[in-house]
Amino acid sequence: MTDDVSLAQPAIETVGLTKRFGSHTAVDNIALAVPRGSVFGFLGPNGSGKTTTIRMLLGLAGATAGQIRVLGEEMPRGVSDVLPRVGALVEGPAFYPFLSGAANLTRLDSANRRSSPRTRRDRVAESLERVGLSHVARKRVKAYSLGMKQRLGLANALLAPRELLVLDEPTNGLDPQGTREVRNLIRSLAGGGTTVFVSSHLLAEIDQICTHAAIMSNGSLVAQGTLEDLRRAGSPGVELRTPDAVAARRVLGSLGFEVDAGAPEGASSDPAASRDIVVAAHTDRAFAPEEIVAALVGAGVRIRGFTVTSASLEERFVALTGEGFDVAE
Ligand SMILES: Nc1ncnc2c1ncn2[C@@H]1O[C@H](COP(=O)(O)OP(=O)(O)OP(=O)(O)O)[C@@H](O)[C@H]1O
């Protein structure tokens, strides 16, 4: 169905979604709204509740409370109608280690009542091709690396055309080349109109491929929106190049900025470097750059460069979750 009503509905929507394990609340009253056609990043540190949420979205785990709609259908009631329209990569599907990648996909494809046996061979070959596994299609999965298994999981999710892809940490275990390939694949799928919901604890991943994101912290949804909105909501700051770094930090501090500590005294043996230090500062409130410059100049600070910076997604994440972020590729 692609009428106006179904397009206007989010691909995923939850209200008050909660999951408790005994006295531990793993997912706490979250309201997710994933627009159709978006590449939606589900961000959060390890243990923040991403996988538990995804399992509930797909009907793999029951919710303690709350409602879920996926592709317009209430879950888990609509699971048999919804799941054939959703490709999922969650904690690796169970592959038979002694069968080849192609044989595993053939087996999984034949489990799908809607897939035609006549075109199965081509479908499996095409899916392996898309994830770059054609050259090991006949190899036993036992001999696959973790990254290859991850790609095979992705190939499984791509066996049929899908309206929605739900990918839990899809680049886990991939080398940088594999990571790039998966990112490109996600981009091309999104270009074709598929909504992609992708969880990750890797910021670079979300930053590079997503149009929207939500940030989880300790089971709560602490922010969601377009990447642009998320960045804009962060604190702005200034970056300053000056030979008078000590005085500059004092002035910025008195203006309500949080000032970086700067390099420790004598940290650089290069006198040129220590004369021309970059000072980065952030504040919670809006400020007028011209007033900052005037105050600095008034205090005798020589300015060689002045830039107003917007918060990065990483800074936003740290501010919201109080945690450092694994920014590795
Ligand atoms: N079956 C379970 N029984 C008890 N506690 C669980 C269970 N599954 C998850 N949890 C707990 O719920 C919390 C959220 O876990 P979850 O796996 O959803 O986080 P995550 O954000 O996906 O992290 P990761 O990236 O490490 O998978 C954690 O504290 C975890 O220990």
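Residues numbered from 1 in each chain as written. Predicted model: local features only at pLDDT ≥ 70, side-chain atom pairs only at ≥ 80, totals over all residues. Heavy atoms only, no water.

The protein has the name ABC transporter ATP-binding protein in an unreviewed UniProt entry, where Leifsonia tongyongensis is given as its organism. Regarding the protein, the UniProt comment filed under Sequence similarities (unreviewed entry) reads as follows: "Belongs to the ABC transporter superfamily." (UniProt positions renumbered as here; feature names shortened; annotations may be inferred.)

## Details of the packing of aromatic side chains
Tallied over the entire structure, the rule returns 2 aromatic pairs. Judged by centre distance (5.7 Å) and plane angle (20°), the ring pair of Phe-40 and Phe-197 falls under stacked. Of this pair, Phe-40 sits in strand β4 (residues 39-43) while Phe-197 is found in strand β9 (residues 195-200), placing the two residues 157 residues apart along the sequence. When sorted by exposure, Phe-40 lands in the same class as Phe-197, which is buried. Measuring from ring centre to ring centre gives 5.1 Å for Phe-42 and Phe-197, while their planes differ by 40°; the resulting arrangement is tilted. (Phe/Tyr/Trp six-rings, centres within 6.5 Å; stacked < 30°, edge-to-face > 60°. Helix = DSSP H or I, 4+ residues; strand = E, 2+ residues; numbered from the N terminus. Buried < 20%, exposed > 50% of the residue type's maximum accessible area, 1.4 Å probe, protein only.)

## A look at the nonpolar core
Counting residues in each nonpolar core, the largest one holds 41 residues, and the members touching the most others are Leu-128, Leu-152 and Leu-167. Per element, the largest residue contribution to this core is 5 residues, and it comes from helix α7 (residues 176-191). Among all residues touching Leu-167, those that are not within four sequence positions of it are Leu-89, Leu-154, Ile-186, Val-196, Phe-197, Val-198 and Ser-199. Counting 25 residues, the second largest nonpolar core, distinct from the first, contains Ala-11, Ile-12, Phe-40 and Val-166. (Core = buried A, V, L, I, M, F, W, Y, C linked by side-chain atoms within 4.5 Å. Contact = heavy atoms within 4.5 Å.)

## Details of the site of the ligand
Near the ligand you find Phe-21, His-24, Ala-26, Pro-45, Asn-46, Gly-47, Ser-48, Gly-49, Lys-50, Thr-51, Thr-52 and Glu-169, and these make up its full shell. Between the ligand and Gly-47 there is a distance of 2.6 Å, counted from an oxygen atom to a backbone nitrogen or oxygen. For the ligand, the protein covers 57% of the area, taking 630 Å² as the surface of the free molecule. Examining the composition of the shell around the ligand, we find that 3 residues originate from one element, helix α2 (residues 50-57), more than from any other. (Near = heavy atom within 4 Å. Polar contact = N/O pair within 3.5 Å; in protein donor to acceptor, adjacent residues only side chain to side chain. Areas by Shrake-Rupley, 256 points an atom, 1.4 Å probe, with all protein chains shown as cover.)

## Overview of the environment of Gly-16
Here Gly-16 lies in strand β1 (residues 12-21). Taking the C-alpha atoms as reference, Gly-16 lies 9.1 Å from Leu-32; in sequence the two are 16 residues apart.

## Notes on the side chain of Lys-50
With respect to the helices and strands, the residue Lys-50 is situated in helix α2. With no salt bridge to any partner, buried Lys-50 finds its closest opposite charge in Glu-169, at an N-O distance of 4.2 Å. Side-chain polar atoms of Lys-50 contact the backbone oxygen of Pro-45, separated by 3.1 Å. Among residues more than four places away in sequence, those in contact with Lys-50 are Phe-42, Leu-43, Gly-44, Pro-45, Glu-169, Ser-199, Ser-200 and Met-216. (Lys, Arg positive; Asp, Glu negative; His and termini not counted. Salt bridge = Lys/Arg side-chain N within 4 Å of Asp/Glu carboxyl O.)

## Some details on the pairing of β1
In the sheet, β1 pairs with strand β5 (residues 65-70) via 5 bridges, with the strands oriented antiparallel. What sits directly across from Ile-12, in β5, is Val-70. Bridge count between β1 and strand β3 (residues 33-34): 2 bridges; the pairing is antiparallel. Across the sheet, residue Glu-13 finds its bridge partner in β3, namely Ala-33. Bridge count between β1 and strand β2 (residues 24-30): 4 bridges; the pairing is antiparallel. In the strand pairing of β2, Leu-17 is matched with Ile-30. Count of turn residues in the β1/β2 antiparallel hairpin: 2 residues, of which Gly-22 carries a positive phi of about 60°. (Pairing = 2+ DSSP bridges.)

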